[in-house]
Amino acid sequence: MEEQKDANLAMYADEHAMRLEFADIVRVDANAERVILTFIQRYPEAEAANRTETKPPIPGVQYMPNGRIVSRVVVSWPHLIRIRDMLNKLISERASDVVAAAQTIMGGKKAIDSEK
């Protein structure tokens, strides 16, 4: 992955590639040659529907899926290091935005917790 400096790169992207989706979980699997990043979107309402207060899940019973794989990406280790460096640079450049977002999230969580 190169930083966004090659403006002459001819790219093709279909409708599927251009969709933006939120991912709540990132799972990482790796071996000596590659790293697989799996981006997952959770369905909290399905988790609640799959459980009951009085009994644990029953083996063999069909449950609603509580997550969906949004995307899977495979990269080499050197590629992953370049991605890490780009993300670290972005976080440094946008530090005030990162702090503000974290404070908003924590403030929202505190407000929710105080309502319980």
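Here, every reference points to the structure presented above.
Residues numbered from 1 in each chain as written. Predicted model: local features only at pLDDT ≥ 70, side-chain atom pairs only at ≥ 80, totals over all residues. Heavy atoms only, no water.

Caption draft 1: Examining the sheet that holds strand β1 (residues 25-30) more closely. Taking strand neighbours across the sheet as the criterion, the three strands line up as β1-β2-β3 in an open arrangement whose pairing is antiparallel. Every other strand in the sheet has two partners, leaving β1 and β3 (67-76) as the edge strands with one partner each. Taking each pair of neighbouring strands and ignoring which way they run, the sheet shows an average axis angle of 20°. (Pairing = 2+ DSSP bridges. Helix = DSSP H or I, 4+ residues; strand = E, 2+ residues; numbered from the N terminus. Axes fitted to C-alpha atoms, helices over the stretch in contact; angles between N-to-C directions.)

Caption draft 2: Region of interest: the side chain of Q41. Assignment of secondary structure puts Q41 in strand β2 (residues 34-42). Filtering out sequence-adjacent residues up to four positions away, Q41 remains in contact with E21, F22, D24, N66, G67, R68 and V70. (Contact = heavy atoms within 4.5 Å.)

Caption draft 3: Seen up close, the pattern of salt bridges. Inspection of the entire model under this criterion finds four salt bridges. For D97, the salt bridge identified is with R94, shortest N-O distance 2.6 Å. In this structure D97 comes out as partly exposed when scored by relative accessible area, which is 36%. Judged by relative accessible area, which is 44%, R94 ranks as partly exposed. (Salt bridge = Lys/Arg side-chain N within 4 Å of Asp/Glu carboxyl O. Buried < 20%, exposed > 50% of the residue type's maximum accessible area, 1.4 Å probe, protein only.)

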